[in-house]
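A look at the structure
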Amino acid sequence: MKYYYLSTFKKSGFRKLCIVFLLFAVAFDISAQNRGDVHGKVINLNQEAIAGATVTIAGHSAEVNTNIDGEYSLQNLPTGKLSITVSFTGYNTATADIDLQNGSNELNFTLDRDAVALEPVTITAQQREQQLLDIPITMSTVGAQMLENTNTRTMEQLAALIPGLNIYIQTPHRPYFVIRGLTSDDLSLTEQPRVSVYYNNVPTSRYGMSVAALYDMERIEVAKGPQGTLFGRGSQIGAVNFITKRSEHSFGGYLSAGIGNYAMKEVEGAINLPIVKDKLFARASGIYSYQDGYVTNTSGGKLNGRNTTGGRFSATYLPVKNLSFDLVVNYQKDDNPGTAFMSKRYPNANGISDIFQYEASFDEGKTWYDKRELLGTSLTAKYYFNENNYLSSITSYYNNTVDTRWDGDGTVAPAIDMAEAVRTKQFTQELRYNFSVNSRLNGFVGAGYWRENVTRKYWFGPDEQYMIYPLFEMMNIPGAPPMIQPDGTYYPMQAIPGAYLGLPYDLPLPTNHEEESNYGAVNYAYDIFADATYKLLPKLSITGGIRITEESFKTSTEAHLLGSVPSTLGSLLGSAPNFFFAPIAFTEAQRDFVSLTYRLNLKYDISASSNVYAGYAKGRRPNVLQFNSTQLEIMNAEKVHSFDAGFKWTAQQRFWFDMGVFYQLYNDFQTGKWIAGNYLTDNAGRATSYGAEITAKAALLKYLEIFGNYAYIHARFNDEDSDGNRQEYAGKTFRMTPENSFSIGFNAKIDVFGNLQIALTPTYSWKSHIWFDDSNDAVPENPSLARLEQDAFGLLNVNLAFRLHNPGLTLSVFGTNLTDEKYIIGAGNTGMMFGVPTYVPGLPRMFGARLTWKFACKD
């Protein structure tokens, strides 16, 4: 009996299980049959695609952004009545109802703009097209219209439009990009940047590659805080991405020519050509920009000038519907006169010590120069599985050469004569898959490879009959005469009097000693990374990312005497037969490292036009391999723990406001320091920074827009290290970091006679006090000298434009630093090692005029 009941139970249980499974399968099939997708395209009234528009469904958590072609796809939605909304700052929001059916549905949108509206700008910081409102980090952007209205032509002008960003360029091959108080040195060729610089999503952060002429630009994006998961290993504290204009479907372009003071001449233009309708189109652009140096060298020639030639070619090929190829080839050549590293301590040949007379006296009979040549190529391929799921590949190769020669002491005496030559080859490859899962989880996963081969050669040719003077002063030898007399005259010391050294004989000093130091590095890295945003609730989303990097640095050094003339001074300093670079046979070292960076952010949408966000990110600057004379040193990786929070708000497409606050903790802070005659990277211990960044814009009237920004940055070294010991730089301020800075401006327009419009755009930017070294002290080798600092200053720029709408002509009359403010953009430099710091004066008042013709032919 028991057996019978058990057998019956098993049979009946199996039947029940089959019935449950069958019912579940039927229910699932019915559910699947009650689901559908909707896709479409978002364009403006000019039939142009709007990339980055936000597409949402009322009462649902689904949310996507339109891709680069303005297309979107919302997946796995319940059938029935749905209300879909499309929004993008600068356009009126559009909402449409749809009775969603099973399978695929189509719904297109056309967004219009009011006569009074802000400039729409697409953002790609999260590796997909979005609008600024959607991104849960502190970031800023400058669009093409703002660049044109403000006549922004230089990196320094650009920085004034972005809170928390400062850019200082003494020479084009050695710029300083500063975000939230952090900048970078490349003292070692293995040293990586803290701020990544990208051009069209390709890293160009090596110093000699990161500066380019601002022409034919679409926009500039600046992401602040650690951005390792988005921009890679070189973005410990932020990233700057320059996006140039893409080739388009229609014919058009522009041509511009300008003149100005200091013999300024400039020609610029671009042309867009559709070659095969809807299949192949190309764009070519170029620039020639020349301006005499604003500093006169009494020994001949000009300094701090500009002579730039650049060209760019881009092409887009669409072989089939879901596949695209974008090619960009960029070339720039700078053939500038030398940099005015000027001495404040010693007068020039005319007895003038004021550097703001813009008159230097450098070594006679020598040519100073800053030469740079850059050729970069990138190829981007994308294959779309649907509108929001696609595979992309970015391949790039850059070749950069730098040659520069400068007067290191900034005087007419031929004491410090130096030259540098850098050669860089860089290859990158990235594969990335962008995904959208059920239109709630949007992000990407991928892998990358980066490799660079870089060499640097330093040449040093001092005339020791003058080099002896600053050395004597550093040694505090009583009665030692100055290198330059008050009237500007100078005399050689042909031999060191034996009495100065306690010797019974004099030491002859050579005039033609030469030496050379060579450095090399082969650096490469492999990355795997992922970053995604998940819509937890209709108003709440979480964003997280991670990047794992394996990197390898191989570096080498070598130094030797050139020719047959040894250094007398080197024999006294222990570096004979050289003076500056102690001789060392070829030495090479290699080390490998693995790193992990990540981020986590929350965003809450207060409304469709405002939100608050908060997040944490870990940033890292890699270990540094460097040689201290003959010894290899390995510096710890610098780490930062960053906490950010902010608020973003827009209204009526006319008003924008955002505010971000941050708090950052640093360990093993890397700084530059003179150590035993070498300028090396040193571990300064712990540091802390905190602050706030604000941006505001308002289109008040059809013909009036105002804009401004403010940044507060409190960046200091901690009093104690992790072991409780007092730090060397305790309480010191980060270099090149104003505690307060702001910029304000407006764009006012008036129509005259219907076809003529006059536009006025003044901007005023101000920075508080700045240190140029982390020690915040006088020159370490000679404390009696002036500190390396710049007091607070402000710059007034104005652009006045006369526009004829037909035939598209614009005459711009512009001026920069109209109040002729006196300020410096660099201090210390090579001469600081010998107690002879030099200073580089900033741009004086500049003015000019430019005529631009824009032409187009729409289909």
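Position numbers for residues start from 1 in each chain and track the written sequence from start to end. Confidence filtering applies because this is a predicted model: local features only for residues at pLDDT of at least 70, side-chain atom pairs given and counted only at 80 or more, and all residues used for totals across whole chains, interfaces and linings. Note that the side-chain values use all heavy atoms of the structure and ignore hydrogens as well as water.

1. Structural notes on the confidence of the model for the protein chain
Values of pLDDT, ranging from 0 to 100, describe the predictor's confidence in every residue of the model. Per-residue pLDDT for the protein chain averages 91, and the proportion of residues at 70 or more is 95%. This model gives residues 1-11 a pLDDT under 50, and the stretch forms zero contacts once residues within four places in sequence are excluded. When the criterion is pLDDT under 50, residues 20-32 qualifies, and its contacts beyond four places in sequence or with other chains add up to zero contacts. Here, two residues are considered to be in contact whenever any of their heavy atoms come within 4.5 Å of each other.

2. Let's talk about the side chain of Gln157
In DSSP terms, a helix is any run of H or I states spanning at least four residues, a strand is any run of E spanning at least two, and both are numbered starting from the N terminus. Counting through the fold element by element, Gln157 comes out in helix H3 (residues 155-160). We define a polar contact as two N or O atoms separated by no more than 3.5 Å, with the added condition that, inside protein, one atom must be a possible hydrogen donor and the other a possible acceptor, whereas residues neighbouring each other in sequence contribute only through side-chain atom pairs. A polar contact of 2.9 Å, which involves the side chain of Gln157, links it to the backbone nitrogen of Arg153. Not counting residues up to four positions away in its chain, the partners in contact with Gln157 are Asn151, Thr152, Asn797 and Thr816.

3. Brief notes about the pattern of salt bridges
When their charged atoms lie close together, side chains carrying opposite charge are able to pair. By definition, a salt bridge exists where a carboxyl oxygen of Asp or Glu is found within 4 Å of a side-chain nitrogen of Lys or Arg. One pass over the structure, following the stated rule, counts 32 salt bridges. A salt bridge links Asp326 to Arg246, with the shortest nitrogen-to-oxygen separation between them at 3.0 Å. Of this pair, Asp326 sits in strand S22 (residues 323-337) while Arg246 sits in the loop between strand S15 (238-244) and strand S16 (251-260); the two residues are 80 residues apart in sequence, bridging distant segments of the chain. Burial classes follow relative accessibility: with a 1.4 Å probe on protein chains only, a residue under 20% of its type's maximum area counts as buried, one over 50% as exposed, and anything between as partly exposed. Given a relative accessible area of 17%, Asp326 falls into the buried group. Taking the shortest distance from any N to any O, the salt bridge between Lys603 and Asp605 comes out at 2.8 Å. For Lys603, a relative accessible area of 5% puts it in the buried group. Take Asp605: its relative accessible area is 12%, and that puts it in the buried class. Three or more residues are tied together by salt bridges with common partners; here these are Glu63, Lys535, Lys603 and Asp605.

4. Quick word on the packing of aromatic side chains
Each aromatic ring pair is summarised here by two numbers: the centre-to-centre distance and the angle between the ring planes. Here is the rule: rings of Phe, Tyr and Trp (six-membered ring for Trp) pair when centre to centre is within 6.5 Å. Planes less than 30 degrees apart are stacked, more than 60 are edge-to-face, and the remainder are tilted. A full pass over the atoms with the stated rule returns 41 aromatic pairs. Both rings, one in Tyr598 and one in Tyr616, keep their centres 6.2 Å apart while their planes meet at 45 degrees; by these two values the pair is tilted. Within this pair, whereas Tyr598 is found in strand S33 (residues 584-607), its partner Tyr616 is found in strand S34 (residues 610-621), the two being separated by 18 residues in sequence. Tyr616 sits in the partly exposed class, given a relative accessible area of 22%. Aromatic side chains Tyr666 and Phe669 sit 5.7 Å apart centroid to centroid with 80 degrees between the ring planes, which places their arrangement in the edge-to-face category. Put simply, the rings of Tyr458, Phe460, Tyr519, Phe579, Phe580, Phe581 and Phe834 touch in pairs and so form one group of aromatic residues. Criterion for a charge above a ring: Lys NZ or Arg CZ within 6 Å of the ring centre, and within 35 degrees of the ring normal. A cation over a ring is seen here: Lys371 above Tyr369, with NZ or CZ 5.6 Å from the ring centre. The ring of Phe444 is capped by Arg432, whose NZ or CZ atom sits 5.8 Å from the centre of that ring.

5. Observations regarding the pairing of S16
Strand pairing requires that DSSP identify at least two bridges connecting the strands. Bridge analysis of S16 against strand S51 (residues 846-857) gives ten bridges, and the strand direction is antiparallel. Bridging across to S51, Gly252 finds its partner in Ala856. As defined by bridge partners, S16 adjoins strand S17 (residues 264-276) across nine bridges and the pair is classed as antiparallel. Residue pairing across strands places Ser256 opposite Glu268, the latter belonging to S17. Hairpin connection from S16 to S17: three residues lie between these consecutive antiparallel strands, with Tyr262 at a positive phi of about 55 degrees.

6. Things to note about helix H5 (residues 464-474)
By the criterion of burial, H5 is predominantly enclosed, with ten of the eleven residues buried. Burial in H5 covers these residues: Glu464, Gln465, Tyr466, Met467, Ile468, Tyr469, Pro470, Leu471, Phe472 and Glu473. One side-chain oxygen of the residue at the start of H5 lies 3.0 Å from the amide nitrogen of Gln465, identifying that residue as Asp463. A positive phi of about 55 degrees marks Asn476, the residue just after H5.

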